[in-house]
Amino acid sequence: MEGSEERDPHYVKRVVLPSGKTIEVVYFKDAVEQDSSFRTVAEPDQALHLCAACSSELVYPTGWEEADGDRWHVQLRCPDCEHRSEGIFSQSTVEAFDEELEAGTDALAADLRRLCRANMAEEVDRFAAALDSGAILPEDF
Ligand SMILES: [Zn+2]
């Protein structure tokens, strides 16, 4: 029985997702051998958040999976014109895309915070105006 582990038909590979999360993928030897005959070519570097069909900058991934090497098979969708595409992209392209998506999320969160503050400021203004006009009296509390 000794030495049987070396002949294990599968191995585990650590895959770091563009989000920085690490997952462990179990490869079975047969699948790996099949994979190696399936060579994929990376698309040239490009800004994935830009739509090729319209000028939208809101393209987002509908799915991605590791291709061979450090490349990613990414499926994309444009919310503005419904253009869909997919391709094999290099790690650096996907990382840049990931940063773009994160920046978009941050911008959205910042907008939301600004909106909340604006609403609050409006409430405060209304409240202050009501106080000034004497519409709110200490008895109201
Ligand atoms: Zn588009």
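Residues numbered from 1 in each chain as written. Predicted model: local features only at pLDDT ≥ 70, side-chain atom pairs only at ≥ 80, totals over all residues.

### A word on the pairing of strand E5 (residues 84-89)
For clarity, the cut-off: Here, any two strands with at least 2 DSSP bridges between them count as paired. Numbered from the N terminus, helices here are DSSP runs of H or I no shorter than four residues, and strands are runs of E no shorter than two.
In this sheet, E5 lies alongside strand E4 (residues 72-77) in antiparallel orientation, the contact comprising six bridges. What sits directly across from Arg77, in E5, is Arg84.

### Details of the environment of Thr22
For the record, the criterion: Two residues qualify as being in contact provided that their C-beta atoms, derived from the backbone, are within 7 Å of each other.
For Thr22, the position within the fold is in strand E2 (residues 22-28). Residues contacting Thr22, with those up to four places away along its chain left out, are Arg14 and Val16.

### Digging into the sheet that holds strand E3 (residues 60-66)
Applicable threshold: Lines are fitted to the C-alpha atoms to define the axes, a helix being fitted only along its stretch in contact, and any angle between axes, read from their N-to-C directions, falls within 0 to 180 degrees.
Strand order in this open sheet of three strands is E3-E4-E5, and the pairing throughout is antiparallel. Of all strands in the sheet, those bounded by a partner on one side alone are E3 and E5. Going across the sheet, the axis of each strand differs from the next one's by a mean of 15°, ignoring polarity. By the bridge criterion, six bridges tie E3 to E4 in an arrangement that is antiparallel. Paired with Tyr60 across the bridge in E4 is Arg77.

### Some thoughts on the confidence of the model for the protein
Interpretation of the predicted coordinates at a detailed level should be avoided for regions scoring low in pLDDT. Convention followed: The predictor reports its confidence for every residue as pLDDT, a score running from 0 up to 100.
Per-residue pLDDT for the protein has a mean of 77; in total, 74% of the residues score no lower than 70. By mean pLDDT, helix H1 (residues 29-37) is the weakest element of the protein at 46, and E4 is the strongest at 92. Scored below 50 in pLDDT, residues 1-5 shows zero contacts in the model against residues more than four places distant or in partner chains. The low-confidence segment residues 31-39, where pLDDT is below 50, has three contacts with residues more than four positions distant or belonging to other chains.

### A short note on the nonpolar core
To be explicit about the condition: Note on terminology: a nonpolar core is any set of buried Ala, Val, Leu, Ile, Met, Phe, Trp, Tyr and Cys residues joined through C-beta atoms within 7 Å. Exposure in this text rests on C-beta crowding, where 20 or more other C-beta atoms within 10 Å of a residue's own make it buried, 12 or fewer make it exposed, and counts in between make it partly exposed. The C-beta atoms are placed from the backbone.
Leu48, Cys51, Val59, Ala67, Trp72, Val74, Leu76, Cys78, Phe89, Val94 and Phe97 form the largest nonpolar core, which has 11 residues in total. For this core, the secondary-structure elements that each account for two or more residues are E4 and helix H2 (91-132). With three residues, E4 is the single largest residue contributor to this core.

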